[in-house]
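# Structural overview for review
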Amino acid sequence: MKYRRARTVIYAVALFWLWTWLGSAAFIASLFNSPIHAIIAMYALFTFILLSLPVFLLALAQMALNRPVVPAEAAVVVRLDPRRTGNSERTHTARTAS
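In this report, the structure presented in the accompanying data block is examined. Numbering of residues starts from 1 in each chain and follows the order in which that chain's sequence is written. Whole-chain, interface and lining totals are the exception, using all residues; otherwise, since this is a predicted model, local features are given only for residues with pLDDT of at least 70 and side-chain atom pairs are given and counted only at 80 or more. Just so you know, side-chain values use all the structure's heavy atoms and leave hydrogens and water out.

### Remarks on the side chain of Thr20
Cut-off, in case you're wondering: By definition, any uninterrupted DSSP run of H or I lasting at least four residues is a helix, any uninterrupted run of E lasting at least two residues is a strand, and each is numbered from the N terminus. Note on definitions: a residue-residue contact is assigned when non-hydrogen atoms from the two residues lie within 4.5 Å.
Among the structural elements, Thr20 can be located in helix α1 (residues 2-22). In this structure Thr20 touches Leu45 and Ile49, once residues within four positions along its chain are discounted.

### Observations concerning the environment of Leu51
Here is the rule: Working definition: with a 1.4 Å probe on protein chains only, accessible area under 20% of the residue-type maximum means buried, over 50% means exposed, and in between means partly exposed.
Mapped onto the elements of the fold, Leu51 is located in helix α3 (residues 35-65). Taking the relative accessible area as the measure of exposure, Leu51 reaches 48% and is therefore partly exposed. Residues Leu51 and Val13, 38 residues apart in the sequence, show an inter-C-alpha distance of 9.9 Å.

### Describing α3
We apply this condition: Take the number of residues in a helix, subtract one, and multiply by 1.5 Å to get its expected span. The bend at a residue is defined as the angle formed between two axes, one fitted to the seven residues ending at that residue and one fitted to the seven starting there.
The end-to-end C-alpha distance of α3 is 45 Å, a good match for the 45 Å that 31 residues give at a rise of 1.5 Å each. Its maximal kink placed at Ser52, α3 deviates by approximately 25 degrees, while the proline Pro54 follows within four residues. Taken together, the buried positions of α3 are Ala38, Ala41, Leu45, Ile49, Ser52, Ala59 and Met63. On the buried face of α3, the contacting elements are α1 and α2 (24-30).

Below, the structure is given as structure tokens:
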């Protein structure tokens, strides 16, 4: 579960950086009617940029440390006693007596 969460964080950070690269300039430019809104938006954008770098690195570390186990290696093998069909009562009583 931790692996999936870390992968989701990496996707969210990548999407944020893609939006920053492609669309944030138009968003900030649309806020220049009010200088207060533009300053708040620029501050928030720079804060998110600075915080996204350590979040991305921590998510990568989380993915590296919590790799999912391959189902073949994680499978529990329970070996059953092969019982003979011809004399099953005698084998059963002999094994339970010992």
